[in-house]
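The primary structure of each chain is shown beneath.
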Amino acid sequence: MKFDDFIRNGQVRKTYPDISLIKSLYENTLNDLKYLANQKINEISSRKIVANYYDCLRSILEAIAILDGYKVYQHEAFVFFLKEKGEELSSIKFDRFRDIRNRINYYGKDISVEEANEIIEDIKKQIEYLIRKYLKEAIK
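Residues numbered from 1 in each chain as written. Predicted model: local features only at pLDDT ≥ 70, side-chain atom pairs only at ≥ 80, totals over all residues. Heavy atoms only, no water.

A. A look at the packing of aromatic side chains. Applying the stated criterion across every chain yields a total of six aromatic pairs. Cation over ring: K71 sits above Y73, and NZ or CZ is 5.6 Å from the ring centre. (Phe/Tyr/Trp six-rings, centres within 6.5 Å; stacked < 30°, edge-to-face > 60°. Lys NZ or Arg CZ within 6 Å of the ring centre and 35° of its normal.)

B. How the structure looks around the pattern of salt bridges. Applying the stated criterion across every chain, the model contains 12 salt bridges. Across the pair E87 and K133 runs a salt bridge, and its minimum N-O distance is 2.8 Å. Of the two residues, E87 sits in the loop between α4 (77-84) and α5 (88-107) while K133 sits in helix α6 (residues 113-135), which places them 46 residues apart along the sequence. Residue classification places E87 among the buried residues on the basis of a relative accessible area of 6%. Note on K133: relative accessible area 48%, which makes it partly exposed. Note that E121 is salt-bridged to K124, the shortest N-O span being 3.0 Å. Pair noted here: E121 and K124 are both in helix α6, with a separation of three residues, about one helical turn. Look at E121 and you get partly exposed, because its relative accessible area is 40%. When its relative accessible area of 27% is taken as the criterion, K124 is described as partly exposed. One salt-bridge network, held together by shared partners, links K93, R96, E118 and D122. (Salt bridge = Lys/Arg side-chain N within 4 Å of Asp/Glu carboxyl O. Helix = DSSP H or I, 4+ residues; strand = E, 2+ residues; numbered from the N terminus. Buried < 20%, exposed > 50% of the residue type's maximum accessible area, 1.4 Å probe, protein only.)

C. Main features of the packing of α4 against α5. Contact geometry of α4 with α5 gives a least axis separation of 7 Å together with a crossing angle of 170°. With respect to their mutual orientation, α4 and α5 come out roughly antiparallel. From α4, F78, V79, L82 and K83 reach across to α5, where they touch E88, S90, S91, F94, D95 and R98. A class-by-class count of the residues in the contact of α4 with α5 yields four nonpolar, two polar and four charged. (Axes fitted to C-alpha atoms, helices over the stretch in contact; angles between N-to-C directions. Parallel < 35°, antiparallel > 145°, perpendicular 65-115°, else oblique. Contact = heavy atoms within 4.5 Å. Nonpolar A, V, L, I, M, F, W, Y, C, P; charged D, E, K, R; others polar.)

D. Summary view of the environment of Q126. Note that Q126 resides in helix α6. Separated by 33 residues in sequence, Q126 and K93 have C-alpha atoms that sit 8.4 Å apart. Excluding its chain neighbours within four sequence positions, the residues that come into contact with Q126 are L57, S90, K93 and F97.

E. Fine view of the side chain of S45. When you line up the elements, S45 lands in the loop between α2 (19-37) and α3 (46-67). Exposure remark for S45: the relative accessible area of 16% places this residue in the buried category. A polar atom in the side chain of S45 sits 2.7 Å from the backbone oxygen of K40. (Polar contact = N/O pair within 3.5 Å; in protein donor to acceptor, adjacent residues only side chain to side chain.)

F. Structural view of the environment of Y35. Within the fold, Y35 resides in helix α2. Taking C-alpha positions, Y35 is 28 Å from D68, a pair spaced 33 residues apart along the chain.

G. Looking closely at the environment of A63. Following the sequence through the fold, A63 ends up in helix α3. Sequence-wise, A63 and S24 are 39 residues apart; in three dimensions their C-alpha atoms are separated by 8.8 Å. Apart from residues no more than four positions distant in its own chain, A63 is found in contact with I22, L25 and L135.

H. Highlighting the side chain of T29. Relative to the helices and strands, T29 resides in helix α2. At a separation of 2.7 Å, a polar atom in the side chain of T29 contacts the main-chain carbonyl oxygen of L25. Each residue touching T29, except ones within four places of it in the same chain, is listed here: C56, S59 and I60.

Written out as structure tokens, the structure is:
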């Protein structure tokens, strides 16, 4: 599958680079990250916190896609979007996080505190990397 397949299927649509929307997604993500940083990760909260960190990463990818002129309606499309940008490792990581989030949300999977901490740190690194590489100029 390719990113173009998602466009043909209507799961991604062409749009225009909306800088105010990009800035809003960025600012909301930063606020969400601040909120999440203050949450205690334990056996009860770990799955929900991991899912929320995934949403932060997805929001940053949404901002990057909008900057490139795309509105993405299918999370899986971000995997192929990243591949087309030459971000193979980020693509693999995002797909892993997407799978974990889907197992949490749709199949009731639990996440241990240790696993949650590892996933969260990896997601935060991906967010920092993607912002630095793709959004720094747009959010000035």
